[in-house]
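# Chain and residue survey
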Amino acid sequence: MNSVAFSLGDLVREYRTKSEMTLSELARATDVSKGTLSKLENGEVKKPDYQKLQVVMQVLGIPYEDYIGLYVQGEKNTLSLWTILEETIERKCSSTIISQIAKRYLIIVKGESYDAVAELYRFAMKQEEESVKFDLLSLIFNYSRSHGIMPYYAKSLFQKYIIERNDFTKLNETYQSGKYILNYAGFLDEEDRLGLYYRLAVHAYSLSEYLESIDLSHYVVVHTEPENILRSYAVFTICNAHYYLNEFDKSREYFRECTKFEDSYSQDNVKFMIGCINARSGNIELGMKQLESYLENPSEWNIVHAVVALMDIYMSRVAVESAKKLFEYETIMEKSIQDPRTAPLKRAHLAHYYKLKGDILLYDNDSEAALEYYAKSTIEYSKISAHNKAYNWLCLS
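## What to know about the overall build of the protein chain
- When you go through the protein chain residue by residue, the secondary structure sums to 23 helices and 0 strands.
- At 29 Å, the protein chain has a C-alpha radius of gyration far larger than the 21 Å of a compact globule built from 397 residues.
- If one aligns the C-alpha atoms of the protein chain with their principal axes, the spans along those axes are about 90 × 50 × 35 Å.
- Taken over 397 residues, the protein chain has a buried fraction of 50%.
- Taking as baseline every contact in the protein chain between residues at least 6 positions apart, the subset at least 24 positions apart corresponds to 59%.
- In the structure as shown, the protein chain presents an accessible area of about 20,100 Å², 49% of it carried by carbon and sulfur atoms.
- Separation of charge centres in the protein chain, based on 46 positive and 56 negative side chains, amounts to 4 Å.

See below:
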């Protein structure tokens, strides 16, 4: 007795009994012979005809996901399995079912495992549903590791990291898993390898690991052509990392490199960053004016950073009224981080803005509103695992 056929048969019998249908009634409703249905229920059909099986399931009201996983366990044709795999995507089935079918597809592949993995990887990368993509990549990762298919072991590991790094509550953990991929970077093509180094550079920067960020960014700078947009991003990351290390001469050096890039992102960074560098390196008046000028026409990329930088300057001078004027940007700032993939640093700066606003409200003796903003600051910091900063306001004297 075939266990897979029995499992399907058991499912059919269960639903037929619930429906109070006889085999004869089911045969008339499905145009499938009574004998075939009887053999199906008794586990005597090794591989039911897929089209006839679907008719039976539809008549009995058996959910697709309840039977398709059982059916594919007996399927040995790769083309048929691939068709069913595409069907599960069209039906928006759970990632568990989709992965189960993809796993069966890999199991029955004979002598073509590399090509099969490559095809499944391309299929996974087309998926819009993140959970489906992640589960398929996990399957490819495990299969490639056990079969020594190193290019797709590295590729799937990298793509999993891209998804996992968007969980900002696990920034430290995902950074370590990302660094592990560097051991297999040689198996990645040039585009993915550069993408890995740049993403790790940004990740390190978000964790305030500025020296590591600089090293990783340097790799991108060295291995990209001057016109490559990734190069401009890496140069700006280095500029910022030196800035936060208080190495302003080096920050200015890379800032000058940033001015050579003509894309809108780089140009906006230049307009914003010059004020920050001047203010932090001692020319506070000039830096303050440059940041004020920038905020006359800010971009969504840098508005949070610019407001916070300027507010810090005002508060260091106890220019509370000037700081209050920056409250008008709050709605735009909050809108700019609506994308859940917004960089952790931007969220950290928004959290710092809430903290500063709480300080101002407390200064004005509006303790209730101040507590509200301290709480908002805590929530934002918690989203990026910055728990030490999240609860600093509790230590207010």
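The discussion continues.
## Thoughts on the packing of helix α9 (residues 130-147) against helix α10 (residues 150-164)
- Remark: α9 packs on α10, axes separated minimally by 8 Å, with the N-to-C direction vectors making an angle of 150°. As far as their axial angle goes, α10 and α9 are roughly antiparallel. Like other packed secondary-structure pairs, α9 and α10 cross with a definite hand, here left-handed. From α9, Glu 130, Lys 133, Phe 134, Leu 137, Ser 138, Ile 140, Phe 141, Ser 144 and Arg 145 reach across to α10, where they touch Tyr 152, Tyr 153, Ser 156, Leu 157, Gln 159, Lys 160, Ile 163 and Glu 164.
- Looking at side-chain class alone, the contact of α9 with α10 contains 8 nonpolar, 4 polar and 5 charged residues.

## Topic: the layout of surface pockets
- In this structure, the second largest pocket encloses a volume near 200 Å³.
- Together, Ile 89, Lys 92, Cys 93, Ser 94, Ser 95, Ile 98, Gln 127, Glu 128, Glu 129, Ser 131 and Val 132 line the second largest pocket.
- Secondary-structure elements contributing two or more residues to the lining of the second largest pocket are α7 (95-108) and α9.

## A short note on the pattern of salt bridges
- Tallied over the full model, the rule gives 19 salt bridges.
- Salt-bridge contacts for Arg 13 lead to Glu 41; the nearest nitrogen and oxygen are separated by 3.8 Å. Residue Arg 13 is found in helix α1 (residues 3-18), and its partner Glu 41 is found in helix α3 (residues 34-41); the two are separated by 28 residues along the sequence.
- What makes Arg 13 partly exposed here is its relative accessible area of 25%.
- Taking the shortest distance from any N to any O, the salt bridge between Lys 155 and Asp 192 comes out at 3.5 Å. Placement of the pair is Lys 155 in helix α10 and Asp 192 in helix α12 (residues 190-206), with a sequence separation of 37 residues. Pair check on accessibility: Lys 155 and Asp 192 agree, each one buried.
- Among the charged side chains, a network of salt bridges with common partners joins Asp 10, Arg 13, Arg 16 and Glu 41.

## A word on helix α21 (residues 344-363)
- Taking 1.5 Å per residue, 20 residues should reach 28 Å; α21 reaches 29 Å between its end C-alpha atoms and fits that length.
- Of all 20 residues that make up α21, 15 are buried, and the element is covered over most of its length.
- Directly after α21, the chain includes Asn 365, whose backbone phi takes a positive value near 65°.

## Structural notes on the side chain of His 349
- Here His 349 is to be found in helix α21.
- What makes His 349 buried here is its relative accessible area of 14%.
- Residues within four places of His 349 in sequence aside, it is in contact with Tyr 244, Val 304, His 305 and Val 308.

## What about the packing of helix α16 (residues 264-280) against helix α17 (residues 284-294)?
- α17 packs onto α16 with a crossing angle of 155° between their chain directions and a minimal axis gap of 6 Å. In terms of orientation, α16 lies roughly antiparallel with respect to α17. Along this stretch, α16 crosses α17, giving a crossing that reads as left-handed. Each of Asp 268, Lys 271, Phe 272, Ile 274, Gly 275, Cys 276, Asn 278 and Ala 279 in α16 lies in contact with α17, whose residues at this interface are Ile 284, Leu 286, Gly 287, Gln 290, Leu 291 and Tyr 294.
- Counted by class, the contact of α16 with α17 contains 8 nonpolar, 4 polar and 2 charged residues.

Procedures and definitions
- Along each chain, the written sequence defines residue order, and numbers are assigned to residues from 1.
- Only residues with pLDDT of at least 70 get local features here, since the model is predicted, and only at 80 or more are side-chain atom pairs given and counted; chain-wide, interface and lining totals rely on the full set of residues.
- Water and hydrogen atoms were dropped before computing side-chain values, which therefore reflect all heavy atoms in the structure.
- Strands here are runs of E lasting at least two residues and helices are runs of H or I lasting at least four, both read from the DSSP assignment and numbered beginning at the N terminus.
- The globule rule used for comparison is 2.2 Å times the number of residues to the exponent 0.38, while the radius of gyration itself is calculated over C-alpha atoms.
- The buried label goes to any residue with under 20% of its type's maximum accessible area, the exposed label to any with over 50%, and the partly exposed label to all in between, with areas taken from a 1.4 Å probe on protein chains only.
- The contact rule is simple, with two residues in contact once any of their heavy atoms fall within 4.5 Å.
- Under the convention used here, a 1.4 Å probe and the Shrake-Rupley method define accessible areas, while residue burial counts only the protein chains that appear.
- When charges are tallied, Lys and Arg are placed among the positive residues and Asp and Glu among the negative ones, while His and the ends of the chain are skipped.
- In this description, the location of a charge corresponds to atom NZ of lysine, CZ of arginine, CG of aspartate or CD of glutamate.
- Helix axes are fitted only over the stretch in contact, all axes being lines through C-alpha atoms; the angle between N-to-C directions runs from 0 to 180 degrees.
- For classification, angles of less than 35 degrees are called roughly parallel, those exceeding 145 degrees roughly antiparallel, those between 65 and 115 degrees roughly perpendicular, and all remaining angles oblique.
- The sense of a crossing depends on the near helix, which, turned anticlockwise from the far helix by less than a right angle, makes the crossing left-handed and, turned clockwise, makes it right-handed.
- Gly is placed with the polar residues, together with every amino acid not listed as nonpolar (Ala, Val, Leu, Ile, Met, Phe, Trp, Tyr, Cys and Pro) or charged (Asp, Glu, Lys and Arg).
- Site definitions follow a grid-based scheme: protein atoms alone, a 1 Å grid, a 1.4 Å probe that fits but cannot get out for cavities, and for pockets an open set with protein on both sides within 12 Å along at least five of seven lines, plus lining residues having an atom within 4 Å of a point.
- Grid points are joined across faces, edges and corners, and a volume is the space filled by probe spheres set on the points.
- Any Lys or Arg side-chain nitrogen located within 4 Å of an Asp or Glu carboxyl oxygen qualifies as a salt bridge.
- For a helix, the expected span equals 1.5 Å multiplied by the residue count minus one.

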